[in-house]
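Below are the chains, spelled out letter by letter.
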Amino acid sequence: MQTNAQILFQSMIVLLGIGGPVSLLLRRNGPSVAVSGSVLSLISSLLGIVVSSIVIIEGPLDLGWEISTFFGEWSLSLDPLGAFFLLVICIVMACVSVYSIGYIREYEGVYDIGVLSGLSILFFLSLVLVVSSTNVILFLISWETMSMVSYLLVVFENRKNNVVSAGYLYLTMTHLGTAAMTVALLLMAHYAGSYSFEEMAGGLDGMPLATMSAVFVLLLIGLGTKAGMVPLHVWLPAAHPAAPSNISALMSGVMVKMALFMMVRSFFDLLVPTEHWWGLLVVLLGCISALLGVLYSLKERDIKSTLAYSTVENMGIMLIGLGTAMVFASYGLSELSAFALLATLFHALNHAIFKALLFMGAGSVARATHTRNMESMGGLAKRMPYTSALTFLGLLSMAAMPPFGGFVSEWLLFQSLIQSVSVPDVPIKMLMSVSIAVLAITGALAVSMAVRLFSSTFLARPRTEAAERAHESPRSMVLGMAFLATLCIAFGVLSLWAVNFIDNVTSSVLGVSIGSDIAEGLTLRSTDEGFASMAPSLIAVLLVTSAAIAWTAAYTITKGWKERISGTWDCGTPLGPRNEYTATGTADPIVRVFNTVYKPRSELRTEPSASPLIKKRLFYEIQFIDIFEKYLYRPVAKSFIAIAKRLSIIQAGSIQAYLSYIFVMLVALLLLFR
């Protein structure tokens with residue numbers, strides 16, 4: 001089986017390695033190359049799903065190819081942790097590939113769709129390399145490739161407003177994060193005496209604790225930037241919506257998970273969480289990210305920006321789970337640590353599925369209405385029945401409604417947080433209890449966000465002519481979304497199987513298997529036997545049976561009733577789009593409650609009429625201040641610009657001066673690395 005898996009893994013790398021450059025070279029044959037690229041990505045994804053499943057069940061796998069370099073051996077290998085994230089990548093990529101066959105037609109004759117297809121394949125390849133690199137330098141090259149290719153995809157629609165600036169912001173932030181991560185990894189390589197991740201694990205015994213803590217903070221900054229952790233999240237709500245929707249699905253569903261993958265690898269395999277405050281800091285930042293992410297999502301009128309902020313929220317939830325696992329590990333509570341890590345990875349899988357589905361749904365409605373503004377939509381449920389139904393399923397999973405996968409993973413996260421009563425230090429118990437409250441508030445606000453997004457986009461009457469003329473998306477787009485919607489349900493109903501499957505991953509990281517303790521028969525329970533349990537499949541049966549009974553009862557009771565059709569009472573005012581609740585109006589009560597967070601500035605202007613009592617028109621405008629941009633990034637940018645102006649004195653315009661700078665730098669480098 002391992003030999004077959006190795007051949008499949010090699011085939012996958014070869015297909016992607018050849019497919020990307022060839023698609024770019026043959027881009028002038030736009031539509032045919034784009035379709036071929038989607039088919040190639042689909043085949044590679046299916047190969048990846050098989051390979052990763054084998055590795056998770058049977059153990060590590062080497063690609064079988066090595067290159068000797070100055071920085072040691074470069075090779076690709078998959079352990080259960082890398083294989084789990086490869087599985088996440090390939091599941092989402094397979095569905096996006098099917099979706100893209102119809103979606104990219106939108107760009108025909110407007111942008112070069114051959115380039116979009118080629119870059120998508122290279123992006124896929126870079127993601128695979130990130131999770132399978134065994135060497136620090138190879139990993140950093142793969143990470144940088146992923147960042148650069150994703151930047152090119154973000155600015156693909158470069159003739160649209162704000163796209164280039166969003167790309168520039170993404171490029172700046174991602175390189176700041178990469179710089180911090182590079183310093184941390186090189187420090188670890190220095191102390192371990194090797195660039196191999198395998199040799200670094202357990203080879204950091206000589207590293208002082210203060211240096212280890214500094215490495216942890218650098219990694220948290222570097223990886224937290226990619227994960228969209230507050231306050232390093234500013235690029236995410238700008239870049240994800242700017243990209244084409246199939247790429248947004250990959251970035252929000254998969255790319256941000258690469259940061260989570262490396263956090264688990266670094267914090268558990270390499271550094272090993274020994275300090276309590278490491279985990280607490282991750283929990284704190286996770287709480288802030290989760291709460292602010294969902295609050296900011298409620299103020300957005302752009303459907304893709306709403307989903308982007310929801311990604312910030314969900315990455316915050318995963319950080320809460322990851323930090324909790326680190327706190328437990330620092331106290332030697334291995335089983336509880338494995339439980340929290342399992343819940344975190346399961347939520348990562350569910351988030352990848354429902355968020356990719358939602359971005360694809362957003363892409364479908366934006367394609368049909370030519371806008372991303374929810375205020376200009378409405379009434380799409382009748383015009384796009386499949387898209388609305390599938391998006392609804394994704395929103396139910398995102399809002400953690402039973403029996404969907406999002407519900408089960410958040411239930412497991414709650415159970416792991418409640419187990420913090422086992423921590424011996426009372427202050428830490430109290431801090432952890434605050435995270436439970438934050439997670440509960442976040443869950444309630446996420447439901448509000450889901451209701452707001454669906455009602456504003458799909459319900460009531462169309463608010464514009466474009467929404468009135470909207471029609472269903474092509475079959476391939478619907479099919480891609482349908483696969484993901486099915487998985488949203490499957491990972492909830494069949495969550496016991498999923499938990500046992502992911503247990504293979506957490507046991508490889510922590511050396512403790514808990515699958516049989518928390519998944520037994522039809523019941524899923526917490527590690528503290530008897531504390532809490534539930535049966536996801538029985539909940540599903542109960543819901544379906546209740547719905548069937550209710551429908552049958554209603555049909556039986558109303559059978560034979562005479563149908564009467566009459567106009568809705570309109571209080572003297574003809575009903576129309578102006579009578580509907582808008583996205584802004586739906587979120588208004590929450591905005592008022594959290595005024596101190598939003599800091600809104602509203603303006604009401606009136607246009608008088610002949611009567612002093614009745615205004616001809618009312619104009620209401622509300623703006624939100626981004627506190628991180630105003631109080632953090634603008635002052636920092638201003639300081640850098642001031643310093644740059646002062647340093648501009650060295651730009652003398654003299655070749656001799658520039659040669660002198662190069663000479664001085666060379667001497668300094670020789671002295672440093674002598």
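Heads up: the structure comes first, above all this text.
Every value quoted in this text rests on a predicted model; they were computed, and no experiment measured them.

Conventions adopted
Residues numbered from 1 in each chain as written. Predicted model: local features only at pLDDT ≥ 70, side-chain atom pairs only at ≥ 80, totals over all residues. Heavy atoms only, no water. Helix = DSSP H or I, 4+ residues; strand = E, 2+ residues; numbered from the N terminus. Rg over C-alpha atoms; globule rule 2.2 N^0.38 Å. Buried < 20%, exposed > 50% of the residue type's maximum accessible area, 1.4 Å probe, protein only. Contact = heavy atoms within 4.5 Å. Areas by Shrake-Rupley, 256 points an atom, 1.4 Å probe, with all protein chains shown as cover. Lys, Arg positive; Asp, Glu negative; His and termini not counted. Charge placed at Lys NZ, Arg CZ, Asp CG, Glu CD. Phe/Tyr/Trp six-rings, centres within 6.5 Å; stacked < 30°, edge-to-face > 60°. Expected span 1.5 Å × (residues − 1). Pairing = 2+ DSSP bridges. Salt bridge = Lys/Arg side-chain N within 4 Å of Asp/Glu carboxyl O.

This next bit is on the overall build of the protein chain. Within the protein chain one finds 26 helices and seven strands. Since a compact globule built from 674 residues should have a radius of gyration of about 26 Å, the 26 Å found for the protein chain is in line with a globular shape. Taken over the C-alpha atoms alone, the protein chain extends approximately 90 × 70 × 60 Å along its principal axes. Counting only residues that meet the buried cut, the protein chain has 53% of its 674 residues in that class. The long-range share in the protein chain, meaning contacts at least 24 apart out of those at least 6 apart in sequence, stands at 79%. By element, 65% of the accessible surface of the protein chain is carried by carbon and sulfur atoms, the whole surface being about 29,800 Å². Averaging the locations of the 40 positively and 39 negatively charged side chains of the protein chain gives two centres separated by 16 Å.

As enumerated under the stated definition, the model contains 23 aromatic pairs in all. With 5.2 Å between their ring centres and 85° between their planes, phenylalanine 70 and phenylalanine 71 make a pair best called edge-to-face. Using a relative accessible area of 77% as the deciding quantity, one classes phenylalanine 70 as exposed. A centroid spacing of 4.9 Å and a plane angle of 35° characterise the contact between tyrosine 170 and tryptophan 235, whose relative ring orientation is tilted. Residue tyrosine 170 is located in helix α6 (residues 163–192), and its partner tryptophan 235 is located in the loop between α8 (209–227) and α9 (236–242); the two are separated by 65 residues in the primary sequence.

In an α-helix there are 3.6 residues to a turn, and that puts residues three or four apart on one side. Helix length check: helix α16 (residues 405–418), at 14 residues, gives a terminal C-alpha distance of 20 Å against a target of 20 Å (1.5 Å per residue), a fit within 8%. Most of α16 sits inside the fold, with twelve of its 14 residues counted as buried.

Okay, the sheet that holds strand β3 (residues 519–520) next. As a general point, the strands of a sheet are linked pairwise by backbone hydrogen bonds and lie either parallel or antiparallel. Pairing within the open sheet is antiparallel, and its three strands lie in the order β3-β4-β5. Every interior strand has two partners, whereas the edge strands, β3 and β5 (533–534), have only one. The sheet contact formed by β3 and strand β4 (residues 523–525) spans two bridges and is antiparallel. Bridge pairing in β4 links alanine 519 to leucine 524.

Once that is clear, we can look at unusual backbone geometry. At the junction of valine 230 and proline 231, the peptide bond is cis and its omega measures out at 10° in the coordinates. One can find proline 231 in the loop between α8 and α9. That bond from proline 402 to proline 403 is cis: its omega, 5°, falls within 30 degrees of zero. Topologically, proline 403 is positioned in the loop between α15 (385–398) and α16. We note that valine 272 has phi near 65°; this positive angle belongs to a residue other than glycine. Relative to the assigned elements, valine 272 resides in the loop between α10 (245–271) and α11 (276–299).

What follows deals with the pattern of salt bridges. Per the counting criterion, the structure on display carries 13 salt bridges. For the salt bridge of glutamate 108 with arginine 105, the shortest nitrogen-to-oxygen distance reads 3.3 Å. Residue classification places glutamate 108 among the partly exposed positions, given a relative accessible area of 38%. Here arginine 105 falls in the partly exposed class, since its relative accessible area comes to 41%. Put simply, arginine 372 and aspartate 302 hold a salt bridge, and the shortest N to O gap is 2.8 Å. Of this pair, arginine 372 sits in the loop between α13 (334–369) and α14 (380–383) while aspartate 302 sits in the loop between α11 and α12 (303–330), and the two are 70 residues apart along the sequence. The buried category is assigned to aspartate 302, whose relative accessible area is 16%. Salt bridges sharing partners connect three or more residues here, namely Asp79, Arg265 and Asp269.

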